[in-house]
Amino acid sequence: MAKERLDKVLGHLGVGTRKEIHKLARAGLITVDGQVITDAAFKFDPALSRIEVAGEALVYQTFFYVMLNKPAGYVTSTRDPHGIPITALLSEEWQRSDWMPVGRLDKDTEGLLLLTTDGELLHRLTHPRWKVAKRYYVELAAPATPEDVAVFASGTLELEGEPLQPAELFIGPDPHKVELVIREGKFHQVKRMFAARGNQVTYLKRVAFGPLKLPPNLEPGAFRPLHPEEIAALYGVVGMQL
Ligand code: URA
């Protein structure tokens, strides 16, 4: 495990903002392996050290998780020379080199995007075997039809010879505005499903991933760490223990 700055480690553990952590350090309230550390830029290996803040020991977290409300214009990559990577939306204390996006959203797609540092969780959440539901709000050039609902539900639709799993299409009062739930994540899947029906997606936003919904108060471009119960729900949906 690499060495990390004290303010970053404590920020990830929810101790406070960078400013608050610097204040705690200056006040002599932080110890690492029993040594008072007044410089919040101090570098150490958090996995191997005992950290105390005001006499309280902190439990080191092995993996990290955030949710983003991705705006259009960002690429789902952690470092991409051909566009602005979604990690540019994270604040400085949440910058890490080991973030992995949980499934890709196209550059023009908006909505819920999870990032984690746990590779096994990522693998299971995105592998079709685990059938994790992804829900999209979709705007269409032409109205969706009851036949679209039936074809998507039947599991008979194929993309380039590959059969798709059954998907649920919900048509609202305006049939140009629908919601689609898919349980796999093929390249451009939603756009290609509607293209296969002779239609065209004009706007796409992911509104839920497995048990997690895009919170209405998470503005486009904003992010927040997952809450403990959200992390537990994600692990639970793919049969993993925390
Ligand atoms: N399906 C698509 O076509 N694009 C996305 O970004 C996500 C799902």
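Residues numbered from 1 in each chain as written. Predicted model: local features only at pLDDT ≥ 70, side-chain atom pairs only at ≥ 80, totals over all residues. Heavy atoms only, no water.

**Describing the domain arrangement of the protein**
Short version of the rule: For each domain, the first and last residues come from an automatic or database assignment.
For the protein, the assigned domains are domain 1 (4–58), domain 2 (65–127 + 211–237) and domain 3 (133–209). Each of domain 1 and domain 3 was reduced to a C-alpha centroid, and the two centroids are 48 Å apart.

**Describing unusual backbone geometry**
Using the following cut-off: Runs of E in the DSSP output that reach at least two residues are strands. Runs of H or I that reach at least four are helices, and both are numbered from the N terminus.
Phi at Asp33 is positive, roughly 50°, even though this residue is not glycine. Structurally, the position occupied by Asp33 is in the loop between β2 (30–32) and β3 (35–36). Although it is not a glycine, Glu160 sits at a positive phi angle of roughly 45°. Mapped onto the elements of the fold, Glu160 is located in the loop between β13 (158–159) and β14 (162–163).

**Let's talk about the nonpolar core**
Heads up, the rule is: Think of a nonpolar core as a cluster: buried Ala, Val, Leu, Ile, Met, Phe, Trp, Tyr and Cys residues, connected wherever their side-chain atoms sit within 4.5 Å. The cut-offs for exposure are 20% and 50% of the maximum accessible area for each residue type, with area from a 1.4 Å probe on protein chains only; residues under the lower value are buried, those over the upper are exposed, and the others partly exposed. What makes two residues a contact is simply this: any of their non-hydrogen atoms within 4.5 Å.
Counting residues in each nonpolar core, the largest one holds 30 residues, and the members touching the most others are Val138, Leu180, Val190 and Phe194. Among the elements of the structure, β7 (65–70), β11 (110–116), β12 (134–140), β16 (177–182), α5 (189–196) and β17 (201–209) are those that each provide at least two residues to this core. Here this core gathers at least three residues from each of two domains, domain 2 (65–127 + 211–237) and domain 3 (133–209). Ignoring anything within four residues of it in the chain, the contact list for Val138 reads His176, Lys177, Val178, Leu180, Val190, Phe194, Val201, Tyr203 and Leu204. Formed by 19 residues, the second largest nonpolar core is a distinct cluster that contains Leu112, Leu122, Val132 and Ile231.

**Structural notes on the pattern of salt bridges**
Inclusion rule: Counted as salt bridges are all cases of a side-chain nitrogen of Lys or Arg within 4 Å of a carboxyl oxygen of Asp or Glu.
Applying the stated rule across the entire model yields 16 salt bridges. One salt bridge in this structure joins Glu92 and Arg18, with 3.5 Å as the shortest N-O distance. Of this pair, Glu92 sits in the loop between β9 (84–85) and β10 (100–101) while Arg18 sits in helix α2 (residues 18–26); the two residues are 74 residues apart in sequence, bridging distant segments of the chain. Under the relative-accessibility criterion, Arg18 is labelled partly exposed at 22%. A salt bridge links Lys186 to Glu162; its shortest N-O distance comes to 3.1 Å.

**Things to note about the site of the ligand**
Basically, it comes down to this: What makes a residue near a molecule or strand is one non-hydrogen atom of that residue sitting within 4 Å of it. Any pair of nitrogen or oxygen atoms within 3.5 Å is treated as a polar contact; in protein, a donor-acceptor pairing is required on top of that, and neighbouring residues in sequence qualify only through side-chain atoms on both sides. A cavity, in this analysis, means grid points on a 1 Å lattice covering only the protein atoms where a 1.4 Å probe fits yet has no way out; a pocket is instead an open set bounded by protein on both sides within 12 Å along at least five of seven lines, and a residue lines either one if it has an atom within 4 Å of a point. A molecule is counted as occupying a cavity or pocket when more than half of its atoms fall within 2 Å of that pocket's grid points. Classification used: nonpolar for Ala, Val, Leu, Ile, Met, Phe, Trp, Tyr, Cys and Pro, charged for Asp, Glu, Lys and Arg, polar for all others including Gly.
Close to the ligand lie Leu105, Asp106, Thr109, Tyr136, His188, Gln189, Val190, Lys191 and Leu204, which account for all nearby residues. The contact in question runs from an oxygen atom of the ligand to an N or O atom on the backbone of Gln189, over 3.5 Å. When atoms are counted within 2 Å of each cavity's grid points, the one that captures over half of the ligand is the largest pocket. Considering every element that reaches the shell around the ligand, the biggest residue donor is α5, with three residues. In terms of residue class, the shell around the ligand is made up of four nonpolar, three polar and two charged. Taken together, domain 2 (65–127 + 211–237) and domain 3 (133–209) each give at least three residues to the shell around the ligand, which thus spans both.

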